[in-house]
Amino acid sequence: MSLHFLLKAKARTLSVVQVLALHLGFNNGSFDAFNNGETATSPIVSVAEGGSGSAWQPAFAAADPSATRGTIGGLLQPGERRSSSFLVDTMLNPFFTFAAMVVPSNDFFIGNDSPTRFRLFDAAGNLLIGSIGQKARDIWDAGSELFDPLAAAFVGNNDLRTPQNGVVSFNFAELAGFDGLTTGAGYVFASALAADSDVYRISFAVVPEPATYALMAGGLFAVGWLSRRRRGQPSASTVAPV
């Protein structure tokens with residue numbers, strides 16, 4: 001039997017780096033957008049180089065048509081948070097997959113390279129994970145665009161790219177190369193990141209569906225109406241004899 005939960009997902013930045021729209025999907029674990037040490041695919045490049053996910057979302061839909069997909073927010077600056085709710089079939093889609101561009105950068109992103117790394121629900125529909133944290137050491141370099149502050153998103157012209165022809169790898173140290181540059185938000189960037197620095201968190205909570213509230217209100221109304229009707233009827237002891 002399928003269990004449908006209305007799940008609220010909340011995204012929040014925790015450090016000086018910013019994150020663009022969070023692309024996500026509750027799925028069956030079949031969509032694999034990238035792998036460590038391999039050439040970046042066009043789906044993950046569409047996230048890493050501009051944050052749009054223009055190829056990531058269609059590829060996800062093709063790989064897993066039953067997945068519940070979506071996005072949360074636009075640019076999240078330090079300390080900001082946004083949330084959205086998704087109706088999830090826990091039997092069909094027990095896994096969670098995500099990807100988002102990290103800025104300033106040319107092609108940095110966060111995401112899970114294994115499609116089954118984050119199992120949110122067990123076979124009984126219980127929520128297994130309350131949150132997913134990302135540290136600086138979890139930041140990926142797509143290896144698809146050469147490092148160049150003049151062509152980097154949020155500090156330069158993102159249209160001026162130079163192909164790198166590398167492979168996907170972990171890399172947060174390169175963010176220090178943007179130190180001292182003025183960001184699109186008007187402040188001077190200073191990474192000061194260590195490997196264990198918290199940079200992002202995605203949290204989950206099961207919330208009641210609006211339809212549940214409607215049914216509950218209808219049930220309360222019916223009980224209230226029946227109670228008033230009973231109070232309005234004479235009891236057996238007060239009925240006049242015929």
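Criteria and cut-off values
Here the residue index of a chain counts from 1 through its sequence in written order. Given that the model is predicted, a residue must reach a pLDDT of at least 70 before its local features are reported, and side-chain atom pairs must reach 80 or more before they are shown or counted; all residues, however, enter totals for whole chains, interfaces and linings. For the side-chain quantities, the full set of heavy atoms in the structure was used; hydrogens and water were omitted. When accessible area is computed with a 1.4 Å probe and restricted to protein chains, residues below 20% of their type maximum are described as buried, those above 50% as exposed, and intermediate ones as partly exposed. The way it works is that DSSP assigns letters per residue, a run of H or I at least four long becomes a helix, a run of E at least two long becomes a strand, and they are numbered from the N terminus. When DSSP locates at least two bridges between a pair of strands, those strands are taken to pair. Fitted lines through C-alpha atoms serve as axes, helices being fitted only where they are in contact, and the angles separating the N-to-C directions of these axes extend from 0 to 180 degrees. Aromatic contacts are taken between Phe, Tyr and Trp rings whose centres are within 6.5 Å, Trp giving its six-membered ring; a plane angle under 30 degrees counts as stacked, one over 60 as edge-to-face, and the others as tilted.

### Let's talk about the pairing of strand β7 (residues 108–111)
Side-chain direction in a regular strand flips from residue to residue, so the side chains alternate between the two faces of the sheet. Side chains F108 and I110 of β7 all project onto a buried face; the interleaved residues F109 and G111 project onto the opposite face, where all are buried too. Of the strand pairs in this sheet, strand β6 (residues 95–103) and β7 are connected by three bridges, and their pairing is antiparallel. Each residue of the ladder has a partner; that of A100, found in β7, is I110. With antiparallel pairing between neighbouring strands as the criterion, β6 and β7 make up a hairpin whose turn holds four residues. One ladder, built from two bridges, connects β7 with strand β9 (residues 140–141); its direction is antiparallel. Paired with F109 across the strands is W140, a residue of β9.

### Considerations on the sheet that holds strand β11 (residues 198–207)
Overall, antiparallel pairing links the four strands, which are arranged β5-β1-β11-β8 in an open sheet. On the outer flanks of this sheet lie β5 (81–89) and β8 (131–135), each paired with one strand and no other. For this sheet, the mean inter-axis angle between neighbouring strands, taken without regard to orientation, is 15°. Direction of pairing for β8 relative to β11: antiparallel, over a ladder of five bridges. Paired with I132 across the two strands is I202, which belongs to β11.

### Points about the packing of aromatic side chains
For the coordinates displayed, the defined rule picks out 13 aromatic pairs. Look at F34 and W140: their rings are 5.1 Å apart centre to centre, the planes differ by 75°, and that puts the pair in the edge-to-face class. Taken together, the positions of F34 in the loop between β3 (22–27) and α1 (42–48) and W140 in strand β9 put the pair 106 residues apart, joining distant regions of the chain. Just as F34 is buried, W140 falls in that class too. Summarising the aromatic geometry, the rings of F96 and F98 are spaced 5.9 Å apart at their centres and angled 25° between planes, so their arrangement reads as stacked. Both residues of the pair, F96 and F98, count as buried. Following the ring pairs from residue to residue traces out a cluster consisting of F26, F86, F96, F98, F118 and F204.

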